[in-house]
Structures are given as C-alpha cells and as structure tokens.
Amino acid sequence: MDGRSHAPPLFVLGGSDLSRGALPAGTEQHPLSAYKGAALRVSGRPLVCELAARFRASGAFGETFVAGPRRVYEGLDPELHVVDTDADVATNVRAAMDAFLERHADGPIAVTACDVLPTVEEIAELARLYRSTESALWFPFVRVPEDRAELGAFAWKPKYTFAPEHGEAPVRILPGHLIVADPRALRLPLLYRLLEAAYRTRNRSVGTRKSAMLRSTLSGLVRQDLLHLVSARLPILTWVVVKNGIALARDLRARRLTIAGLEHRVGRILLKARYRKRHPLHGVRLPVVDALSLAEDIDTEEEARDAGATVA
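Below, the structure is looked at part by part. (Residues numbered from 1 in each chain as written. Predicted model: local features only at pLDDT ≥ 70, side-chain atom pairs only at ≥ 80, totals over all residues. Heavy atoms only, no water.)

**Describing the environment of Leu 47**
Note on placement: Leu 47 falls in helix α2 (residues 47-57). Between the C-alpha atom of Leu 47 and that of Val 311, which follows or precedes it by 264 residues, the distance is 9.9 Å. Non-local contacts of Leu 47, meaning those with residues more than four positions away in its chain, are made with Lys 36, Gly 37, Leu 40, Arg 41, Val 42, Cys 114, Asp 115, Val 116, Leu 117 and Ile 298. (Helix = DSSP H or I, 4+ residues; strand = E, 2+ residues; numbered from the N terminus. Contact = heavy atoms within 4.5 Å.)

Given below as structure tokens:
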C-alpha cells in the first residue's frame, strides 16, 4: 500500500467489554451488547469475515488479523489470524500493536473496527489517498451528507465541525474507523491512555471528554518527565501534551479548529519528538473523505438493520 514499504497488515478490533455504550438523551434505539464481529451476520456469514474479505479484495493490505477472543473467532475464516484479547478498546489496540511489532521490523499497521462495512471500492480509494501522502499517522474523517436522511439510523452519531483552512466554509464530519500508522513514531503508552479515556466518554460532550483525558494522562506524563530528567533530557512532555490538548478542546468547542490545526496539535501530542525531528514531512494526516460507511459503526439494533446485518 505504501511505496516506502510493504502493504500494511490489517488488524480488526473484535474484542469487547460487553457493556452497552450510553446513548445521548432522547435517542430511542436499542444498544447492542455482543461480540459484534461474530454475532452480526452479513450475507450469511459473520461480519468480521465479510469485512476482512473486502479489505483483501481491495488488494491494498497484507495479512488480516482479528484482535479478539480466540474462543469466539477461531475457525471462522482460515485467512483471518486471531490475536487473543478480550477487553476495552485500548487493551485490544495494545494487543494488536504488540502482535504487529513482534512480526514486523518496520512499516505501517492498519487498524479498523469490526462493526463497519465499507465497500471494496471505498477501501481501494482510501488506500489510494493514503499512498499519496507521507504520514506517520493517517486517519480519515468522513463528510456528513447534506441530506440527513442518508444517515438513517446512524443520524444520532456525535458530529464535529471543522474548517479545512482559515477562511473556508466549515464542514461537519464523523470519525472514520480506519487508522494507518507507524507504531514506532507514536507515544504508545500515551495513546493507550487516551484511547481508554475516549472510549469511556464516547458520545459525551467535548468538555467532559477533555477533563477525562487530562485526568487519565497526567500521572503517566509526569512519570515520563521524571524519567527524562534522570536521563538528562528536558522534562517537557507534560507541558507539551497538556498545552496542545487544552488548545485543541478549546478550539473544537469554539468551532474554529481547522484540519491543519488539528493535524498539528495531534502530531505534537502523539508523535515522538525525535521522530518529528528526523522525519519532518511524515506528520499526522486527517483527510476528509466521502466514504460514509466507514463512519457507520454499528452500536444499536436499528443500525444493524440499516446496514443489512442480522444478529445471530
């Protein structure tokens, strides 16, 4: 997929804490509590198998893995390797990263959720966009369609507003559920703490999420700075992360955050300083795409029906 290295293997997150996500007040839908990659069926087979088959058919990815409980996923698909894990999203991402780093000396990893279903054509186009960039972390946002009816049962999903550049008309976006990244460029312990806090506060307000993420990360940041001090390095990680995190949340709430500004802030937070210095062009890239199905993660029974899935 990337001209600088081999096609990245794909890791599908299929573990679960089996707790129903809290939906916003007034949302009259029925949350799912299940191993959705196995419990949901599309065209008669488990959703994770259909998803992995579509990524393989795009020709843009290497081996496919599912990071989830072996007892659930073993034997569903002979081409789908299982990384045995069964917890919250941060723990499952850590298991995927560890498995990748054990197998690969370099190159990027691709990670997606088990409950989305982009088409083969959408996946191929996403791969083309990724190949056209130089990035350490590539994460697409999905443009919200002007006609709300196109969202169907997914219309309740929390949306964000960004201006592509200063002075340009803002766009409303949904997070896409695909990341391609070089793990060696990332502050992985910090990433795991942020993911844990983000998952815990999903579907909450920006202010609530900011406070939760700061509380979750501060102790680890201070500990890392103490290690930097012992090794005669400047202990500035806490300051850099907190400053950029607060500024990001402030600008997001004020609807004045641009995509370029977000890329800069996220890069300062998640990319190692040494990596940024050695690879100044390989930053964070957050393109806006029109692959709506990449944002339609299935959290409710109603969304499953809209996606053409049945619950086994």
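**What about the pattern of salt bridges?**
Where charged atoms from two side chains of opposite charge approach closely, those side chains can pair. Summed over all chains, the structure comprises 14 salt bridges. The residue Glu 74 makes a salt bridge to Arg 70 at a minimum N-O spacing of 2.8 Å. A residue is classified by how much of its surface remains accessible, and Glu 74, at 48% relative accessible area, is partly exposed. Residue Arg 70 is classed as partly exposed on the basis of its relative accessible area, which comes to 36%. (Salt bridge = Lys/Arg side-chain N within 4 Å of Asp/Glu carboxyl O. Buried < 20%, exposed > 50% of the residue type's maximum accessible area, 1.4 Å probe, protein only.)

**A few points about the pairing of strand β11 (residues 178-181)**
Sheet topology places strand β6 (residues 109-113) next to β11; four bridges connect them, and they run antiparallel. For Ala 110, the partnering residue across the bridge sits in β11 and is Val 180. Sheet topology places strand β7 (residues 135-138) next to β11; two bridges connect them, and they run antiparallel. Note on β11: the bridge partner recorded for Leu 137 is Ala 181. (Pairing = 2+ DSSP bridges.)

**Things to note about the pairing of strand β10 (residues 171-175)**
Both strand β8 (residues 141-143) and β10 contribute to a ladder of three bridges, which runs antiparallel. Bridge assignment links Arg 143 to a residue of β10, and that residue is Ile 173. The pairing of strand β9 (residues 160-162) with β10 spans three bridges and is antiparallel. In the strand pairing of β10, Thr 161 is matched with Arg 172.

**Brief notes about the sheet that holds β10**
One open sheet accounts for four strands, arranged β9-β10-β8-β13; its pairing is mixed. In this open sheet, the two edge strands, each paired with only one partner strand, are β9 and β13 (288-289).

**So, α2**
The buried count for α2 comes to nine of eleven residues, which makes it a mostly enclosed element. Along α2, the residues that are buried comprise Leu 47, Val 48, Cys 49, Glu 50, Leu 51, Ala 52, Ala 53, Arg 54 and Phe 55. Note on α2: the residue one or two positions beyond its end, Gly 59, has a positive phi of about 75 degrees.

**Re unusual backbone geometry**
Of note in the backbone geometry, Ser 43 takes a positive phi value of approximately 55 degrees without being a glycine. By relative accessible area, Ser 43 is classed as exposed at 71%.

**Looking at helix α5 (residues 120-131)**
With twelve residues, α5 extends 17 Å between its outermost C-alpha atoms, agreeing within 8% with the 16 Å of an ideal straight helix rising 1.5 Å per residue. Buried within α5 we find Glu 122, Ile 123, Leu 126, Ala 127 and Tyr 130. Looking straight down α5, one finds its buried side chains confined to an arc of 140 degrees; they lie on one side. Of the surrounding elements, those touching the buried residues of α5 are α2, β7, β11 and β13. (Expected span 1.5 Å × (residues − 1). Arc of directions from axis to C-beta.)

**Looking at the sheet that holds strand β14 (residues 310-311)**
Taken in spatial order, the three strands line up as β3-β2-β14 in an open sheet, and their pairing is antiparallel. Whereas interior strands pair on both sides, the edge strands pair on one side only; in this sheet they are β3 (45-46) and β14. The pairing of strand β2 (residues 40-42) with β14 spans two bridges and is classified as antiparallel. From the neighbouring strand, Leu 40 faces β14, where its bridge partner is Val 311.

**Looking at the environment of Thr 133**
Summarising the element assignment, Thr 133 is placed in the loop between α5 and β7. Placed 150 residues apart in sequence, Thr 133 and Gly 283 show a C-alpha to C-alpha distance of 9.6 Å. Side-chain polar atoms of Thr 133 contact the backbone oxygen of Tyr 130, separated by 2.9 Å. (Polar contact = N/O pair within 3.5 Å; in protein donor to acceptor, adjacent residues only side chain to side chain.)

Function cannot be inferred from these measures alone, as they are strictly geometric.
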